[in-house]
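Results of the structural survey
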Amino acid sequence: MKRALLIAGGTVGGLGAVLAITPPQLGPTSAINIAGAPIAGADTTASASASSSSATSAATTKATAAATKSSKPVATKSASATKTPASGNSAASNSANPTAAATSAQAAPAAINGTFTGPSVNVNYGNVQVKITVVNGRITDAVAVKAPTGKNDRYTNMAVPILKAQTLKAQSANIQGASGASYTSYGWFTSLQGAIALAGL
Amino acid sequence: MNQLRRQFPVWGTIVDVDCFSQSVGGAQLDRAMESVIEFCENVDRDFSTYKDESWVTRLRQGKVAIVDCPDDVRVVWELCATAKDLSDGAFDPWAVDGGFDPSGLVKGWAADKCADLLVAAGVGHVQVNAAGDLALRGGWFDSVTGVVKPWSIGVVNPDERTEIVKVFDITDGAIATSGTYERGAHIHDPLNGLIAIGAKSATVVGPEGWLCDAMATAVMVGGQDSAQWFGQPELQGYQVFAVNRHEQTAWSI
């Protein structure tokens, strides 16, 4: 009888513990994708979050607690605006840098600006921490401020590069040279050079 | 400041060399340029897959082994192996019909060598444009302002070749663009033999020309999945700019 009580108590307690912890499935880079990369595929993001999903649950839970209130509306807003896959509705927004979320909470959720540093995430063989720069809701830069070193470099760093999507548009600039796929003929080459000169590039 | 610009046909295309030097001029500068042209002709002689007697052709035909080849051919062979490894096999000169074909790497490698020849001759500011694979050294001299500036190199819009869609400022380094738009669909996915569909055009910027050239070809195959390769330590300092095939969009790292 005593044993049955213990088992029942243990089950209830375990269930409570499971419910209390938000699944730590998405890391800081997922939040990055939501914020400003509308087209770039989730490919690198996927690999990034895969490695960061092993983040210690303590860290993730802490981030959840700090960020749930403030960061949610911002992230949801940009997610719908940029038609990003709905993968990051709750957990992803939670893992955004708590301090960044706190500051953007007061501002209107329309334009997102500033630098955002994600939490340092333990990936078993070291820590990864990514800082992004956002201008008007678009990522203009993403760098790893912390990355594991040593023999695992090659593999851990593979999670670090972030695709930055952009709309293709003509640029007007003074250039000294052009890089394109191989030209086959002198005629094409001189024609291009002439056209560039005509265009005033 | 002395300036010399020469364009000469080689490798079935055009190489454009533009250089400035404070100390080297006149006949000395001409001689340096001649040595560059000679080097390019030697590269053609050794590496062309269109010449029956080139080392690469004889390698392909099994008439010689790589150990019998001259230094430059062996070096390029090794660089090809490195690039294949760094791109998870998306760049694979050994998977080409007819055997080993280093064409996807040689131009970038040779552009670097040309630029270094000029630098060794005392020329401080060099641009070598080997049909889209560029090697840059020391920036360029703007005679209007009298200031040395980074070379501003535009990436051509694959849909509208008179347009520039991206500009990279490079003082020292290399830039290479690969695409299907100019020579037709000449890049194949070595894993399945099909035409590469990863991107419409791919540009890689970084310190070494051979690696830019090879990785640009690899990104044409790998598309956005290629991003992961650029996290490897060997590719630190390399940037990617790729134009997507269908949307009017691009991505970069």
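None of these values were measured; they are calculated from a predicted model. (Residues numbered from 1 in each chain as written. Chains lettered and ligands numbered in written order. Predicted model: local features only at pLDDT ≥ 70, side-chain atom pairs only at ≥ 80, totals over all residues.)

**Examining the overall build of chain A**
Of the regular secondary structure elements, chain A holds eight helices and six strands. Each helix (α) and strand (β) of chain A, taken in turn from the N terminus, gives the series α-α-α-α-α-α-β-β-β-β-α-β-β-α. Within chain A, contacts between residues separated by at least 24 positions form 62% of all contacts whose residues are at least 6 apart in sequence. (Helix = DSSP H or I, 4+ residues; strand = E, 2+ residues; numbered from the N terminus. Contact = placed C-beta atoms within 7 Å.)

**Section: the overall build of chain B**
When helices and strands are tallied, chain B shows five helices and twelve strands. Across the 253 residues of chain B, 51% fall into the buried class. Taking the contacts inside chain B whose residues are at least 6 apart along the sequence as the reference set, 56% of them involve residues at least 24 apart. (Buried ≥ 20, exposed ≤ 12 C-beta atoms within 10 Å, placed from the backbone.)

**Concerning the sheet that holds strand 12 (residues 249-252) of chain B**
The antiparallel open sheet is built from nine strands, whose spatial order is 5(A)-12(B)-11(B)-10(B)-9(B)-4(B)-3(B)-2(B)-1(B). Sheet topology places strand 5 (164-167) of chain A together with strand 1 (2-10) of chain B at the edges, where each strand pairs with a single neighbour. Across the sheet, the mean angle separating the axes of adjacent strands is 10 degrees when strand polarity is ignored. Where helix 1 (residues 26-47) of chain B meets the sheet, its contacts fall on strand 1 and strand 2 (13-21) of chain B, and the angle it forms with strand 1 of chain B comes to roughly 20 degrees. (Pairing = 2+ DSSP bridges. Axes fitted to C-alpha atoms, helices over the stretch in contact; angles between N-to-C directions.)

**Quick look at the sheet that holds strand 8 (residues 164-170) of chain B**
The mixed open sheet is built from three strands, whose spatial order is 6(A)-7(B)-8(B). Each edge of the sheet is formed by a strand with only one pairing partner; in this case those strands are strand 6 (177-179) of chain A together with strand 8 of chain B. This sheet shows a mean twist of 35 degrees between the axes of neighbouring strands, independent of strand direction. With three bridges connecting them, strand 6 of chain A and strand 7 (residues 151-156) of chain B associate as parallel partners. Bridge pairing in strand 7 of chain B links alanine 178 of chain A to glycine 154 of chain B.

**Points about the environment of phenylalanine 230 of chain B**
Note that phenylalanine 230 of chain B resides in the loop between helix 5 (209-222) and strand 11 (239-243). Residues phenylalanine 230 of chain B and valine 240 of chain B lie ten residues apart in sequence; the distance between their C-alpha atoms is 8.5 Å.

**Points about the environment of aspartate 68 of chain B**
Residue and element names in this part refer to chain B. Examined against the element boundaries, aspartate 68 turns out to sit in the loop between helix 2 (55-60) and helix 3 (71-86). For aspartate 68, a count of 12 C-beta atoms within 10 Å translates into the label exposed. Between the C-alpha atoms of aspartate 68 and tryptophan 55, which are 13 residues apart in sequence, the distance is 9.4 Å.

**A few points about unusual backbone geometry**
In most cases, non-glycine residues show a negative phi, while peptide bonds are predominantly trans. Of note in the backbone geometry, aspartate 88 of chain B takes a positive phi value of approximately 50 degrees without being a glycine. Along the polypeptide, aspartate 88 of chain B turns up in the loop between helix 3 and helix 4 (103-120).

**Looking at helix 5 of chain B**
All names here are of chain B. Along its 14 residues, helix 5 runs 20 Å from first to last C-alpha, staying within 8% of the 20 Å computed at 1.5 Å per residue. Among the 14 residues that make up helix 5, 14 are buried, leaving the element largely enclosed by the rest of the structure. Downstream of helix 5 by one or two residues, glycine 223 has phi in the positive range, about 60 degrees. (Expected span 1.5 Å × (residues − 1).)

**Some details on the packing of helix 4 of chain B against helix 5 of chain B**
Residue and element names in this part refer to chain B. Where helix 4 contacts helix 5, the axes come no closer than 7 Å and their chain directions differ by 155 degrees. As summarised for this structure, helix 4 and helix 5 are arranged roughly antiparallel, according to the angle between their axes. Considering only the axes of helix 4 and helix 5, their crossing is right-handed. Judged by residue contacts, Gly104, Leu105, Lys107, Gly108, Trp109, Ala111 and Asp112 of helix 4 engage Gly209, Trp210, Cys212, Asp213, Ala214 and Thr217 from helix 5. Here the contact of helix 4 with helix 5 is composed, by residue class, of six nonpolar, four polar and three charged. (Parallel < 35°, antiparallel > 145°, perpendicular 65-115°, else oblique. Left-handed = near helix turned anticlockwise from the far one by under 90°. Nonpolar A, V, L, I, M, F, W, Y, C, P; charged D, E, K, R; others polar.)

**Structural notes on the confidence of the model for chain A**
All names here are of chain A. Taken residue by residue, chain A gives an average pLDDT of 47. The fraction at 70 or more is 8%. Under a pLDDT of 50 for its full length, residues 150-160 has, in the predicted model, 27 contacts with residues more than four places off or in other chains. A low-confidence stretch, residues 183-201 stays under pLDDT 50, and its non-local contacts, those more than four residues away or across chains, total 27 contacts. (pLDDT = per-residue confidence, 0-100.)

**Observations regarding the nonpolar core**
All names here are of chain B. Counting 81 residues, the largest nonpolar core has Cys114, Val128, Val204, Met215 and Val219 as the members making the most contacts within it. Per element, the largest residue contribution to this core is ten residues, and it comes from helix 5. In this structure, valine 219 is in contact with Gly198, Ala199, Ala202, Val204, Ser226, Val240 and Ala242, ignoring residues within four places of it in sequence. (Core = buried A, V, L, I, M, F, W, Y, C linked by C-beta atoms within 7 Å.)

**Digging into the pairing of strand 9 (residues 173-179) of chain B**
All names here are of chain B. Burial of strand 9 is extensive: seven of the seven residues sit out of reach of the surface. Neither face of strand 9 is open: one carries Gly173, Ile175, Thr177 and Gly179, the other Ala174, Ala176 and Ser178, and all of them are buried. Of the strand pairs in this sheet, strand 4 (residues 133-137) and strand 9 are connected by four bridges, and their pairing is antiparallel. Each bridged residue has a counterpart across the sheet, and for leucine 134 the counterpart in strand 9 is isoleucine 175. Bridge analysis of strand 9 against strand 10 (residues 201-206) gives six bridges, and the strand direction is antiparallel. Residue pairing across strands places alanine 174 opposite glycine 206, the latter belonging to strand 10.

**Comments concerning helix 1 of chain B**
All names here are of chain B. With 22 residues, helix 1 should cover 32 Å at 1.5 Å per step; its first-to-last C-alpha distance of 32 Å lies within 8% of that length. Among the residues of helix 1, Leu29, Ala32, Met33, Val36, Cys40, Val43 and Phe47 are the ones counted as buried. Considered in projection along helix 1, the buried side chains sweep an arc of 95 degrees and stay on one side of the axis. Exposed residues on helix 1 whose side chains face more than 90 degrees from its buried face are Gly26, Ala27, Arg31, Glu34, Glu38 and Arg45. Considering only its buried residues, helix 1 is in contact with strand 1, strand 2, helix 2 and helix 4. (Arc of directions from axis to C-beta.)

**So, the packing of helix 3 of chain B against helix 4 of chain B**
Residues and elements named next belong to chain B. Where helix 3 contacts helix 4, the two axes come as close as 10 Å, and the packing angle between them is 115 degrees. The interaxial crossing formed by helix 3 with helix 4 has right-handed handedness. Residue-level contacts link Val76, Leu79, Cys80 and Ala83 of helix 3 to Leu105, Val106 and Trp109 of helix 4. Residue composition of the contact of helix 3 with helix 4, grouped by class: seven nonpolar, no polar and no charged.

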